[in-house]
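Summary of the model geometry
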Amino acid sequence: MSAAATVAALGAADLRRCLNRGGLRFQVGPYVYAVTSPLPVVARGLELLYAGHPLAPAESFVDFNIALRPAGPWQRLARRINFYLDDDAPFERIAASDAYAFLEWGMNWCLSVAMHEYLKLHAAVVARDGVAMVLPGLPGAGKSTLCAALALRGWQVLSDEHALIPPGTCQVVPVNRPVSLKNASIEVIRAFEPASVFGPVTRDTHKGRVAHLKSDLAPGSHDPTPIRVGVMLFPGYEPGAALSLTERSRAESFIFAAHHSFNFSVLGEAGFEAMAHYVDGVDCFDLRYSDLDEAVAALDTLVSGGFGA
Amino acid sequence: MSVWRLAGPVRFYDRGEGPVVCYAIDSGDTHLINPLASRLLGALASAAEATMAEPQLLATLSAGSPGEALSLSELQSLLSDLAAADLVLVA
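Residues numbered from 1 in each chain as written. Chains lettered and ligands numbered in written order. Predicted model: local features only at pLDDT ≥ 70, side-chain atom pairs only at ≥ 80, totals over all residues. Heavy atoms only, no water.

1. Quick notes on the nonpolar core
Side chains of nonpolar character tend, in soluble globular proteins, to be buried together. Residues and elements named next belong to chain A. Under the convention used in this document: We define a nonpolar core as any set of buried Ala, Val, Leu, Ile, Met, Phe, Trp, Tyr and Cys residues linked to one another through side-chain atoms lying within 4.5 Å. To sort residues, take the accessible area from a 1.4 Å probe on protein chains only and compare it with the maximum for the residue type: under 20% means buried, over 50% means exposed, and anything in between is partly exposed. When checking whether two residues touch, look at their non-hydrogen atoms; a contact exists if any pair is within 4.5 Å.
Phe 26, Tyr 33, Leu 46, Phe 64, Ile 66 and Leu 103 are the most contacted members of the largest nonpolar core, which totals 39 residues. Those residues within four positions of Ile 66 in sequence are excluded, and the remaining contacts are Tyr 33, Ala 34, Val 35, Thr 36, Phe 83, Tyr 84, Leu 85, Leu 103, Met 107 and Cys 110. Listed in part, the 34 residues of the second largest apolar core include Leu 150, Val 179, Ile 189 and Val 296.

Laid out in C-alpha cells, this is it:
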C-alpha cells in the first residue's frame, strides 16, 4: 500500500481489521497517529471523518500510539473504557458510548501536551488564497462554529484547536482534523449547510452533546506545507449583534494569545521571542457577529485585502 | 520613603500603541501594563545601582512627561500594584 493512499482506500472491513490488530496508522500534518480500538463507534467515526487523511506506512514512526478499550473483562461488562497513550491511561474511565468524543479529545490532548518544537496557540486556523487566519478564543466565543462555517464555504481548515507556529516565523503548520461542535452549534451548522458530514453524536458529555464535522473539504487540506499567517482574529458571537470588525492592538493580542497558549510558559524566553516575532507579522482584529453568512463574507473580504480599502 | 528594585530581569513588547507587554524572565509571568508602568520598570532596569529611591523615580518619570505631573501618592500606588505583580521589590 503506497504512502499516498488514504484511509478511504482501506474499506470498512480492512479499517476495522487495522483497528483491532496493531492500529490504524494515519497522518495528521507532520504527525502519525496509530489508533487501536474494538469499538464500532470509533470505527464508524474514523471511516467517515478521516476518509481523506493519508495512511502512514506500516514501518513509519508513530508519534501518538492511542488505544480506546476496556481495561479488563469487568470494565467490558460495565461498558467502560480507557484512553491509552503508549499503554498509559492518563484519564479516568468513561462510558463506552462516549468513545468517539473521547478519541477526538484525547488526540487534541496528545498534541497539546507534547511536541514543543512549535509555539502552540489554542486557536482555530483557517486559510484562503494562501493566507492563514488564526482564531484564538475563549470557550464559548464561537470560534469552532465560525471555523466550521468557513470550512463549508471554501476555506481550508488547518486545525480547530491548535495553531502550530514554527519559532521565528509567521507560519502555521496544518494539522487538519474534524471540527468539534457542541449542543446548539450542531444544528446551526446543519442548517447552514445541509450537506455537511458529521460523525457520531456523543450525548451527555461534560460539555453536553458533541459531534464532529468533516472539515477537509478544500483541495490540499492534507498538504503539510506551512502557510503564512496574515491575520489573527478574535471572534465573539453575540446574539443579535451587528457585525463589527475592528483592529486590535498588537500588545493586547500578544497577551491574549500568550494566556491561551499551550506552551508559551514551557518555552520560556524563547516563547516570548517567538510570540513577539509572530505578532509583529500579523494584523489583529476583533470580530463581533451574530450571522454566520455575514461573518464569512466579511472574512472573505478581509483576507483578500479589502479591509479599510 | 522606600528604595526599589526590579524583582528580576524583564523584557518588553512595546509597539508604541499604548499598552505594553512585560515578560518577567525568571518566573515567565506575562503582564499587560500601561506606558507609565513600562517607563518605571525601564528606569529601574537602567538604574546605575539597580535601585532607585521614590524621589528619584518621581523625578525621572516626571521629566519624561512634561505637563503630566505625577504625585508621590500616585507613584506609590503604581509601585504597590507592580509589587503585587512581583515585578518590583523594596530593596
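Read on for the rest.
2. Brief notes about the pattern of salt bridges
Here the idea is simple: oppositely charged side chains can pair when their charged atoms come close. Put simply, the rule is: By salt bridge we mean one thing: a side-chain nitrogen of Lys or Arg within 4 Å of a carboxyl oxygen of Asp or Glu. Numbering of helices and strands runs from the N terminus, with a helix taken as a DSSP run of H or I at least four residues long and a strand as a DSSP run of E at least two residues long.
Enumeration according to the criterion identifies 13 salt bridges over all chains in this entry. Its salt-bridge partner being Arg 248 of chain A, residue Asp 286 of chain A comes within 2.7 Å of it at the nearest N-O pair. Taken together, the positions of Asp 286 of chain A in strand β16 (residues 283–289) and Arg 248 of chain A in the loop between β15 (244–247) and α7 (250–259) put the pair 38 residues apart, joining distant regions of the chain. With relative accessibility at 16%, the residue Asp 286 of chain A sits in the buried group. A single network of salt bridges, built from pairs that share partners, joins Glu 269 and Glu 273 of chain A together with Arg 11 of chain B.

3. Remarks on the sheet that holds strand β11 (residues 179–182) of chain A
Residues and elements named next belong to chain A. Short version of the rule: A pair of strands is labelled paired if DSSP reports no fewer than 2 bridges between them. The convention used is that axes are lines fitted to C-alpha atoms, helices contributing only their stretch in contact, and that angles between N-to-C directions extend from 0 to 180 degrees.
Spatially, the three strands line up as an open sheet ordered β11-β13-β12, and their pairing is antiparallel. The strands lining the two open edges of the sheet, one partner per strand, are β11 and β12 (202–205). With direction set aside, neighbouring strand axes in the sheet form an average angle of 35°. The pairing of β11 with strand β13 (residues 208–213) spans four bridges and is antiparallel. By the bridge assignment for β13, Lys 182 is matched with Val 210.

4. Here we look at helix α9 (residues 292–303) of chain A
Think of an α-helix as 3.6 residues a turn; residues three or four steps apart then line up on the same face. Residues and elements named next belong to chain A. Cut-off, in case you're wondering: How far a helix is expected to stretch is found by multiplying one less than its residue total by 1.5 Å. It is the directions from the helix axis to the C-beta atoms whose arc is reported. N or O atoms closer than or at 3.5 Å make up a polar contact, with two conditions inside protein: a donor-capable atom paired with an acceptor-capable one, and, for residues adjacent in sequence, both atoms drawn from side chains.
Between its first and last C-alpha, α9 extends 16 Å over twelve residues, near the 16 Å set by a 1.5 Å rise per residue. For α9, the full list of buried residues reads Leu 292, Ala 295, Val 296, Ala 298, Leu 299, Leu 302 and Val 303. For α9, the angular spread of the buried residues around the axis is 165°, confining them to a single face. Backbone nitrogen of Asp 293 and a side-chain oxygen of the N-cap are separated by 3.0 Å at the start of α9; the cap is Asp 291. Of the residues trailing α9, Gly 305 is marked for its positive phi of about 95°.

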